[in-house]
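Chain residues, written in single-letter form:
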Amino acid sequence: MIKLNKISDYIWEVPKSFRSDMLVPARILASEKLLEKIKEDLSIEQTINVATLPGIQKYSIAMPDIHEGYGFPIGGVAAFDQKEGIISPGGIGYDINCGVRLLKSTATLVEVRPRLPEIADELFENIPSGVGKGGKVRFSDAELDEIMIEGAEWMLEKGFAKPEDITHIEENGRLSMADPTKVSQRAKTRGRDQIGTLGSGNHFAEVQYVEKIFDKKAAEVFGLFEGQITIAIHCGSRGLGHQHATDYLNVMRLAMAKYKISVPDPELACTLFESPEGQDYFAGMAAAANFAFANRQYLTFLTRNIWEKFGFGELSLLYDIAHNIGKLEKHIIDGKEKNLVMHRKGATRSFGPARSEIPDDFKSVGQPVLLPGNMGIASYVMCGLDSSEEISFGSAAHGAGRVMSRAQAKRTWYGKTLKEELEAQGIYLRTSSWAGAAEEAPGAYKDIDEVAQVTEGVGLAKRVARLRPLAVVKG
Amino acid sequence: MSYKIIGTTADFKVKGWGSTREELLSSLGLGMAVGSCGIEVSPEKARQEGREFSIAVEGFDNESLVVNFLSELIYLYNVEKVFVWSFDLKVEGFNVAGKVYGLPVEQVSAELKAATYANLKVEHKNGQWEATVVFDI
């Protein structure tokens, strides 16, 4: 029986005295309402398990949209000392740099609404999605290696990006420590023909409109207005990332005995960040992350081509964020600046105005934080807060986590009926898998409004705009 | 040998069992295919109409044997676009080799990202091998 101590309205703590192997407390950032759902799976147990890993700093943290994952929960944040701490593929996720970007248009809901079914069809026809679906382009081995080094910049060189896109991507779309030689041939084979593909599951391209502005100043800085059409693209590193994570979980499991590390769950397999295995994994992870940045950029290129056909003006990039990633960041702990290996799995960076890493044009308000909801309800644009530093190492939720298994969702909803219900609300769904659509039913997810409100209430990010879906393409 | 598919919040689990480790691996492989495709294809059909692949997978304990074997099947799906429905395996130590028979499937409902080690414990009790694998989809 796990007893949670209430630290404040939205901060709950399991003290480290709860279990002898905990090095730090576990903190769950949630409302009482969200906590009821959180207690239904193993999220809290998993957050506690993370608190046992060597070199962990301050707390093992669970975001408001937390749900059970593999070893690490999904919606978890953990920071490790760079010299004495570990790196763990499970704390970053199989889908390395799964993330989301938001494109802004100059068009409005009124102009675009009559053409929505056509737009949905065009997006579905021209953006490859679905299980096992390859992309329209195939890159050579040499090009793939270049993409893994240069990320979104490669796409700019080849004419698939606008120069102003690059500064609006986390890390400018390129992690500098990437080394494609640390990515296996197997991973490259899996990923080679997947650039420009969405994948399946909860990945999507979605046309939306800005329904409500919460913060006028931030909205102005972000270039958002009520009634504006936006397009979100959500996907990651596809098979390349999945394989890299799989490869290194094995490497780490084998290496742990050497470093005398033992973990409560094999999926928490890790080695010291500064070990050869840790460095190799990280350099390969960065390469896979760059692949994902490049993928989202190429998908933007495809989307812009489609959008152009409708004559609704240009699409500019607001921001692109990663929500499954390992990062080297400096944070202040007990008054001292420390070099940390941040693990965010199902969690987003959420830097406020004080951080130098954010683009110049956002420095007055903080970085955009994107919270994709589910396809029936809403998504949020938020902005990072300086207060998130102390609470969560500058991290926030990544969306509305699941509350129901895919199997149960398929038993509860029928994909085709869902399509009709959504269309009755003016939302056009295009998918190659009705079963997959049922798995993504709005009811299978947490309440995004609650997640966004709690994210703001706890001080991680504040709401800027609520977006509603209009056309959803998923695999 | 047999398997059972269990849903969890973000993915699915397959519980497999058998009197030998070969049977355990086959059960888990079959369960994974059924869980992904939502249908069952007979081993006979796979042998007669499908493609044959040789596999050789190494592990360092029973858990890595299981995960690496299933990862091999996932890789086969990604690259050859087939799901495996029939298995002819030989386990030696923590390695497995043999032939598998795969067929393409029209509609796949769950894209397998990986077979995970989450809560994985391969057990041998009362003459039966048993394991439950969580898949990330």
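Residues numbered from 1 in each chain as written. Chains lettered and ligands numbered in written order. Predicted model: local features only at pLDDT ≥ 70, side-chain atom pairs only at ≥ 80, totals over all residues.

K.L.:
Before we move on, could you go through the overall build of chain A and cite the residues and values that matter?
P.N.:
Scanning chain A from terminus to terminus reveals 16 helices and 19 strands. For 475 residues, the compact-globule estimate of 2.2 N^0.38 gives 23 Å, and chain A sits close to it at 21 Å. Per-residue burial for chain A yields a buried fraction of 64% across its 475 residues. By sequence separation, contacts in chain A at least 24 residues apart represent 77% of the contacts at least 6 residues apart. (Helix = DSSP H or I, 4+ residues; strand = E, 2+ residues; numbered from the N terminus. Rg over C-alpha atoms; globule rule 2.2 N^0.38 Å. Buried ≥ 20, exposed ≤ 12 C-beta atoms within 10 Å, placed from the backbone. Contact = placed C-beta atoms within 7 Å.)

K.L.:
Lay out the interface of chain B and chain A with the relevant residues and their values.
P.N.:
Across the contact, 30 residues belong to chain B and 37 residues belong to chain A. Only α3 (62-80) and β8 (128-136) of chain B provide two or more residues apiece to the side of chain B that touches chain A. No other element matches α3 of chain B, which puts seven residues into the side of chain B that touches chain A. Looking at the side of chain B that touches chain A residue by residue, the classes come out as 13 nonpolar, twelve polar and five charged. (Nonpolar A, V, L, I, M, F, W, Y, C, P; charged D, E, K, R; others polar.)

K.L.:
An account of the confidence of the model for chain B is needed here, citing residue identities and associated values.
P.N.:
Confidence in the prediction of chain B, expressed as mean pLDDT, is 92, and 96% of residues score 70 or more. For this predicted complex, the interface confidence score (ipTM) comes to 0.92, while the overall pTM stands at 0.95. (pLDDT = per-residue confidence, 0-100.)

K.L.:
Any chance you could break down the sheet that holds strand β4 (residues 83-92) of chain B for me, citing the residues and the numbers?
P.N.:
All names here are of chain B. On the basis of which strands lie adjacent, the open sheet formed by three strands has the order β3-β5-β4 and antiparallel pairing. Edge positions in the open sheet fall to β3 (51-57) and β4, since each of these has one partner strand only. With direction set aside, neighbouring strand axes in the sheet form an average angle of 20°. One ladder, built from seven bridges, connects β3 with strand β5 (residues 95-103); its direction is antiparallel. Paired with F53 across the bridge in β5 is V100. Helix-sheet contacts for helix α1 (residues 21-37) involve β4 and β5, and the interaxial angle to β4 is about 160°. Strands in contact with α3 are β3, β4 and β5; relative to β3, the strand with the most contacts, it is inclined by about 145°. (Pairing = 2+ DSSP bridges. Axes fitted to C-alpha atoms, helices over the stretch in contact; angles between N-to-C directions.)

K.L.:
Lay out the sheet that holds strand β1 (residues 5-8) of chain A with the relevant residues and their values.
P.N.:
All names here are of chain A. Across the sheet, which stays open at both edges, the seven strands sit in the order β1-β2-β3-β4-β5-β13-β12 with mixed pairing between neighbours. Of all the strands in the sheet, the pair left with one neighbour each is β1 and β12 (324-333). Taking each pair of neighbouring strands and ignoring which way they run, the sheet shows an average axis angle of 25°. Two elements, strand β2 (residues 11-14) and strand β3 (residues 26-29), share four bridges in a ladder whose sense is antiparallel. Residue pairing across strands places E13 opposite R27, the latter belonging to β3. Contacting β2, β3, β4 (60-67) and β5 (74-81), helix α2 (residues 43-50) runs over the sheet at an angle of about 155° to β4. Along the sheet, helix α16 (residues 448-458) makes contact with β2, β3 and β4, crossing β4 at roughly 150°.

K.L.:
I'd like to hear about the pairing of β12 of chain A, residue by residue, with values.
P.N.:
All names here are of chain A. With ten bridges connecting them, β12 and strand β13 (residues 336-345) associate as antiparallel partners. Along β13, the bridge assignment pairs L328 with V341. A loop of two residues connects β12 with β13, the two strands running antiparallel in sequence, and D334 in this loop sits at a positive phi of about 50°.

K.L.:
Can you explain the nonpolar core? Please cite residues and give values.
P.N.:
Counting residues in hydrophobic clusters, the biggest one holds 207 residues, and the most contacted among them are A289, V381 and M382 of chain A together with L28, V66, L70 and V133 of chain B. Here this core gets 15 residues from one element, more than from any other, and that element is helix α11 (residues 276-309) of chain A. Residue contacts for M382 of chain A: discarding those within four places in its chain leaves V369, L371, A396, A452, T455, A461, K462, R463 and V464 of chain A. (Core = buried A, V, L, I, M, F, W, Y, C linked by C-beta atoms within 7 Å.)

K.L.:
Before we move on, could you go through the environment of D95 of chain A and cite the residues and values that matter?
P.N.:
With respect to the element layout, D95 of chain A can be found in the loop between β6 (86-87) and β7 (99-108). Non-local contacts of D95 of chain A, meaning those with residues more than four positions away in its chain, are made with G236, S237, G241, H242 and N324 of chain A together with K113 of chain B.

K.L.:
Give a description of the pairing of strand β18 (residues 428-431) of chain A that names residues and reports values.
P.N.:
Residue and element names in this part refer to chain A. What you see with β18 is no split at all: Y428 and R430 on one side and L429 and T431 on the other are buried throughout. As paired strands, β18 and strand β19 (residues 461-474) are joined by four bridges and run parallel to one another. Looking at β19, one finds that L429 is bridged to V472.

K.L.:
Explain unusual backbone geometry residue by residue, including any values.
P.N.:
Residue and element names in this part refer to chain A. The phi dihedral of N97 is positive, around 55°, even though this residue is not glycine. Residue position: N97 is located in the loop between β6 and β7. Here R238, not a glycine, exhibits a phi torsion of approximately 55°, which is positive. Along the chain, the position of R238 falls in helix α10 (residues 238-256).

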